[in-house]
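Below are the chains, spelled out letter by letter.
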Amino acid sequence: MQNNFYNILIPIDFTVKNKWAITKAIELANSFNCNIHLVHVVFKPVFPLINIDASNFTPYASHINMQTCREKLAELKAIYKKQMVGEGEIEISLLQGHPQKQLKQYIENYKMDLVVMGLAKFNLFDRIISSISISLLAKKVSVPILAIRSSGLVSHFKKIVLPLHDDIPVDRVKLATTLARSFKSTVYLVSLRNNSNKKNVLDKTLELVQSVSTIPVQCFLLEGQNLAKSTLDFSRRINADLILGQSRKEFQLPGLWNRITKRIMAYASKIPVLTLDKPTEQNESVAG
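So, here's what we can say about the structure. (Residues numbered from 1 in each chain as written. Predicted model: local features only at pLDDT ≥ 70, side-chain atom pairs only at ≥ 80, totals over all residues. Heavy atoms only, no water.)

### Considering the packing of aromatic side chains
And then number 1: Under the counting rule described, the total for this entry stands at 7 aromatic pairs.
And then number 2: When the ring of Phe157 is compared with that of Phe183, the centres are 5.5 Å apart and the planes differ by 75°; the resulting orientation is edge-to-face. One end of the pair, Phe157, is in the loop between strand S5 (145-148) and strand S6 (159-163); the other, Phe183, is in helix H5 (residues 170-183), with 26 residues separating them in the sequence. For the pair shown, Phe157 and Phe183 are each scored as buried.
And then number 3: The positively charged end of Lys72 is found above the aromatic ring belonging to Phe14, 5.2 Å away from the centroid. (Phe/Tyr/Trp six-rings, centres within 6.5 Å; stacked < 30°, edge-to-face > 60°. Helix = DSSP H or I, 4+ residues; strand = E, 2+ residues; numbered from the N terminus. Buried < 20%, exposed > 50% of the residue type's maximum accessible area, 1.4 Å probe, protein only. Lys NZ or Arg CZ within 6 Å of the ring centre and 35° of its normal.)

### Observations concerning helix H7 (residues 227-237)
A turn of α-helix holds 3.6 residues, and therefore any two residues three or four places apart point the same way.
And then number 1: Every buried residue belonging to H7 is among Leu227, Ala228, Ser230, Thr231, Leu232, Phe234 and Ser235, and all of these are buried.
And then number 2: Where H7 starts, the residue carrying a side-chain oxygen 3.1 Å from the main-chain nitrogen of Ala228 turns out to be Asn226. (Polar contact = N/O pair within 3.5 Å; in protein donor to acceptor, adjacent residues only side chain to side chain.)

### Re the environment of Pro216
And then number 1: Structurally, the position occupied by Pro216 is in the loop between helix H6 (196-212) and strand S8 (217-222).
And then number 2: Sequence separation of Pro216 and Lys184 is 32 residues, and the distance between their C-alpha atoms is 8.7 Å.
And then number 3: Not counting residues within four places of it along the chain, the set of residues in contact with Pro216 comprises Ser185, Thr186 and Val187. (Contact = heavy atoms within 4.5 Å.)

### Examining the pattern of salt bridges
And then number 1: Counted under the stated rule, the structure contains 6 salt bridges.
And then number 2: Across the salt bridge formed by Lys104 and Glu108, the nearest N and O atoms sit 2.7 Å from each other. Pair noted here: Lys104 and Glu108 are both in helix H3 (residues 99-109), with a separation of 4 residues, about one helical turn.
And then number 3: On the accessibility criterion, Lys104 (26% relative accessible area) is partly exposed.
And then number 4: Judged by its relative accessible area of 45%, Glu108 falls in the partly exposed class.
And then number 5: Note that Arg236 is salt-bridged to Asp233, the shortest N-O span being 3.1 Å. Here the residue Arg236 and the residue Asp233 both occupy positions in helix H7, the gap between them amounting to 3 residues, near one helical turn. (Salt bridge = Lys/Arg side-chain N within 4 Å of Asp/Glu carboxyl O.)

### Things to note about the pairing of S5
And then number 1: Residues Ile145 and Ala147 of S5 are buried on one face, and the alternating residues Leu146 and Ile148, pointing to the opposite face, are buried as well.
And then number 2: Bridge count between S5 and strand S10 (residues 273-275): 3 bridges; the pairing is antiparallel. Across the sheet, residue Ile145 finds its bridge partner in S10, namely Thr275. (Pairing = 2+ DSSP bridges.)

### Quick word on the pairing of strand S7 (residues 186-192)
And then number 1: Burial of S7 is extensive: 7 of the 7 residues sit out of reach of the surface.
And then number 2: In S7, alternate side chains face the same way, and those of Thr186, Tyr188, Val190 and Leu192 on one face and Val187, Leu189 and Ser191 on the other are all buried.
And then number 3: Looking at chain direction, S6 and S7 are connected through 5 bridges and run parallel. Its bridge partner being in S7, Lys159 is matched across the sheet by Thr186.
And then number 4: Regarding topology, H5 serves as the crossover connection from S6 to the parallel S7, and that connection is right-handed.
And then number 5: By the bridge criterion, 6 bridges tie S7 to S8 in an arrangement that is parallel. Looking at S8, one finds that Val190 is bridged to Phe220. (Right-handed = clockwise from strand over helix to strand, strands pointing away.)

### Notes on the nonpolar core
And then number 1: Grouped together as the largest cluster of nonpolar side chains are 52 residues, with contacts concentrated most on Ile10, Ile36, Leu38, Val116, Leu146 and Leu179.
And then number 2: If you tally residues by element for this core, the top one is helix H1 (residues 17-32), at 8 residues.
And then number 3: Leave out the neighbours within four places in its chain, and Leu38 touches Ile10, Ile12, Ile22, Leu73, Leu76, Lys77, Ile90, Glu91, Ile92 and Ser93.
And then number 4: Counting residues in each nonpolar core, the second largest holds 18 residues, with Val39, Val41, Met117 and Leu137 among its members. (Core = buried A, V, L, I, M, F, W, Y, C linked by side-chain atoms within 4.5 Å.)

### Section: H5
And then number 1: Here H5 contains 14 residues, and its C-alpha end-to-end distance of 20 Å stays within 8% of the 20 Å for a straight helix at 1.5 Å per residue.
And then number 2: For H5, a buried count of 11 out of 14 residues is recorded, marking the element as mostly surrounded by other parts of the structure.
And then number 3: Taken together, the buried positions of H5 are Val170, Asp171, Arg172, Val173, Leu175, Ala176, Thr177, Thr178, Leu179, Ala180 and Phe183.
And then number 4: Looking one or two places after H5, you find Lys184, whose phi comes out positive at around 55°. (Expected span 1.5 Å × (residues − 1).)

If you want it as structure tokens, here you go:
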């Protein structure tokens, strides 16, 4: 994980939730002088949940749709370009194919550093699909994914909560310190009290943070049986501005419905949640 952001990707589906994703991305772009990439993937399945694109069978309608989407992307760029006050630019891209595959390839080819996604407010089906999409994408790519609700558009990340499980997350620590240095934040390291190893993980992670940065850090052992729920409760109490977690099962909310829908912390939180599931994170962790 580098010490700066250079390219931020926003998946665009032309719904209202794109608005707050773009707004947050512009704030970050102005702080880090980085570029924003608005990317729309054209994909219309023949049947729901079947990954066969109907556009393959309707080439004329597909051409018209592509042209319309390209015009919509250009309109978004024109609307938000004036809000970019740093050195960054807004780029637009129109892709075709399965969204997860196309986004993963785009992230890798153009070296994205962050993905920002808006969360639906009321549409239950959209919320379930978005939650699953974020979780799956986070597991496939090595860049953090920031989920933003309309109520989560805080101006700065002053209080960053970093929940810990059994290992010391080197990449999430580096990401937290990068953000904390930029926004002059305090990082709160939290873990559950119900395991004697947690105190050791907190101590070792604190040592790691202090070895790479001089940012303010506080450590807390939380009560409870579920790390995600206890983290959310703690974050609300301190009025946190950002939670930096993972989509692993230890970071998912309790309950059968939450497990079925892969409901991540972001959908139970008004606080923005940034998910980083780098595949090599556990291998790179410092031994506890």
